[in-house]
Amino acid sequence: MSSRRPSTTTRSAPNRAELRPQYAENPDSLVAVAQVVAIEFATIAAANDYWR
């Protein structure tokens, strides 16, 4: 999931190509993106539970 997130957070292919060298060799960048994904899922889960 974390490997797919940069493509959804940066929609422009040229921008992704330009930024890729910066995050490709830095696992902290992918971990940070994964944390954002986890927060998004937790927020959605909390909202879904709220409406029950």
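Residues numbered from 1 in each chain as written. Predicted model: local features only at pLDDT ≥ 70, side-chain atom pairs only at ≥ 80, totals over all residues. Heavy atoms only, no water.

(A) Fine view of the overall build of the protein. Scanning the protein from terminus to terminus reveals three helices and zero strands. Listing every helix and strand of the protein by position from the N terminus yields α-α-α. Scored against the burial criterion, the 52 residues of the protein give a buried share of 8%. Put simply, the protein shows about 4400 Å² of open surface, and 57% of that area lies on carbon and sulfur atoms. (Helix = DSSP H or I, 4+ residues; strand = E, 2+ residues; numbered from the N terminus. Buried < 20%, exposed > 50% of the residue type's maximum accessible area, 1.4 Å probe, protein only. Areas by Shrake-Rupley, 256 points an atom, 1.4 Å probe, with all protein chains shown as cover.)

(B) Structural view of the confidence of the model for the protein. When pLDDT is averaged along the protein, the result is 76, and 75% of the positions lie at 70 or above. Between the elements of the protein, mean pLDDT differs from a low of 61, seen in helix 1 (residues 5-9), to a high of 84, seen in helix 3 (residues 27-50). (pLDDT = per-residue confidence, 0-100.)

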